[in-house]
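Structure at a glance
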Amino acid sequence: MHAHFFDHVYHPHSHDAYSFGITEAGAQRFSCRGGAHTSGAGMVMAFNPDDPHDGRAAADLGYQYRMVHIGPDVVREVLTDTAGGRAVMPLFPEPALSDPVLSGALLRLHTALVGDADPLVRDERLMAAVTAMVARGTARPPRARVPARESAARTAARRARALLADAYAEKVTAEHLAETAGCSRFALYRAFRSEYGMSPADWQRQVRLRRARGMLAAGTSAADAAAAVGFSDQSHFHRWFVRCFGVTPGLYQRAGRS
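Below is a summary of the structure that appears in this document. Predicted model, so just to flag it, every value in this text is computed and none were measured. (Residues numbered from 1 in each chain as written. Predicted model: local features only at pLDDT ≥ 70, side-chain atom pairs only at ≥ 80, totals over all residues. Heavy atoms only, no water.)

Focus on the overall build of the chain
- When helices and strands are tallied, the chain shows 10 helices and 10 strands.
- Overall, the chain is about 50 × 45 × 40 Å in size when its C-alpha atoms are taken along their principal axes.
- If you take every contact in the chain between residues at least 6 apart in sequence, the share linking residues at least 24 apart comes to 68%.
- Of the roughly 13700 Å² of accessible surface on the chain, 53% is carried by carbon and sulfur atoms. (Helix = DSSP H or I, 4+ residues; strand = E, 2+ residues; numbered from the N terminus. Contact = heavy atoms within 4.5 Å. Areas by Shrake-Rupley, 256 points an atom, 1.4 Å probe, with all protein chains shown as cover.)

Side note on the environment of Ala 174
- With respect to the secondary-structure elements, Ala 174 resides in helix H5 (residues 174-181).
- Given a relative accessible area of 40%, Ala 174 falls into the partly exposed group. (Buried < 20%, exposed > 50% of the residue type's maximum accessible area, 1.4 Å probe, protein only.)

Focus on unusual backbone geometry
- The residue Arg 33 is not glycine, and still its phi comes out positive at about 55°.
- Within the fold, Arg 33 resides in the loop between strand S3 (18-32) and strand S4 (35-40).

Things to note about the side chain of His 13
- Within the secondary structure layout, His 13 lies in strand S2 (residues 10-13).
- Classification of His 13 as buried rests on a relative accessible area of 5%.
- At 2.7 Å, the side chain of His 13 forms a polar contact with the backbone oxygen of His 11.
- A polar contact is formed between the side chain of His 13 and the side chain of His 15, at a distance of 3.4 Å.
- When sequence neighbours within four positions are dropped, the list of residues in contact with His 13 reads Asp 51, Pro 52, His 53, Met 198, Gln 206 and Cys 244. (Polar contact = N/O pair within 3.5 Å; in protein donor to acceptor, adjacent residues only side chain to side chain.)

Regarding the packing of aromatic side chains
- In total, this model carries 12 aromatic pairs according to the counting rule given.
- Taken together, a centroid distance of 6.3 Å and an interplanar angle of 75° make the contact between Phe 192 and Trp 203 edge-to-face. A residue pair is termed long-range when its members are at least 10 positions apart, and Phe 192 in helix H6 (residues 185-196) and Trp 203 in helix H7 (residues 200-217) qualify at 11 residues. As far as burial versus exposure is concerned, Phe 192 and Trp 203 are alike and both buried.
- Among the aromatic residues, those joined into a cluster by ring pairs are Phe 231, Phe 237, Phe 241, Phe 245 and Tyr 252.
- Its guanidinium or amino end placed over the ring of Tyr 168, Arg 211 lies 5.0 Å from that ring's centre, counting from NZ or CZ.
- Its end group placed over the ring of Trp 240, Arg 243 keeps NZ or CZ at 4.3 Å from the ring centre. (Phe/Tyr/Trp six-rings, centres within 6.5 Å; stacked < 30°, edge-to-face > 60°. Lys NZ or Arg CZ within 6 Å of the ring centre and 35° of its normal.)

Observations regarding the pairing of strand S5 (residues 44-47)
- Of the two faces of S5, the one lined by Val 44 and Ala 46 and the one lined by Met 45 and Phe 47 are each fully buried.
- Where S3 meets S5, 4 bridges bridge the pair, whose relative direction is antiparallel. Among the inter-strand pairings, Phe 20 is bridged to a residue of S5, identified as Ala 46.
- Judged from the 2 bridges that link them, S5 and strand S9 (residues 96-97) form a sheet pairing that is antiparallel. Looking across to S9, one finds that Met 45 is bridged to Ala 96. (Pairing = 2+ DSSP bridges.)

Considering the pattern of salt bridges
- A complete count under the given rule lists 10 salt bridges for this structure.
- With its nearest N and O atoms 2.6 Å apart, the salt bridge here joins Arg 205 to Asp 202. On the criterion of helical spacing, the pair formed by Arg 205 and Asp 202 is a turn pair, its members being 3 residues apart in helix H7.
- On the accessibility criterion, Asp 202 (16% relative accessible area) is buried.
- Each of Arg 154, Arg 158 and Glu 195 takes part in one network of salt bridges that share partners. (Salt bridge = Lys/Arg side-chain N within 4 Å of Asp/Glu carboxyl O.)

Following this line, the structure appears as structure tokens:
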């Protein structure tokens, strides 16, 4: 993705990949991991898989940026190949970075992916980008032992997430979700937000959007994709797709074909 936004506001969402926004001009303000951050020209926004975040302009001239998504499976494959064995996946402790090495590697990768670069060039630039990720990222620290009450809340959130993942296209009630999780509706809402950074409704909508995006890439029409994943109508689907991905479903599908 390569875009220049002035008024567009991203609704809180996340991606199932490592996602990097390379700010070329202006500045973008966003919330991530409980803090407020700003990415100015030359900086990188680094989101680990499933990091909830939003975004909006932080300057009068808006912000121009490139977005690169690198799937965890791709990263793992490259790291395994370069390390000769199973490698630790990198994680980024800070969402906004001033890192010329990482920025340059990602910019070169983006240019190769959107241009007419040979497959060998793309592979080499992907390897360079992943290598830069490893140099900048950190391994996931071991989880600290948590009190029993917090552990119960985490278990409830995970049960609810499993139900929503399976029934993403269905109309799930708060009562049913709380019953599955084994706690009250209020306790579940609080636990889910604490564990995943968004409400159960936002998380279910995000899964719907991801599934629909895959269907669009496979050639399914926007209307059929919207209906298949549980949106009430195509206009509802269209609005949320733009709010979370910054482009219309039609433009996304046409870009994939090209």
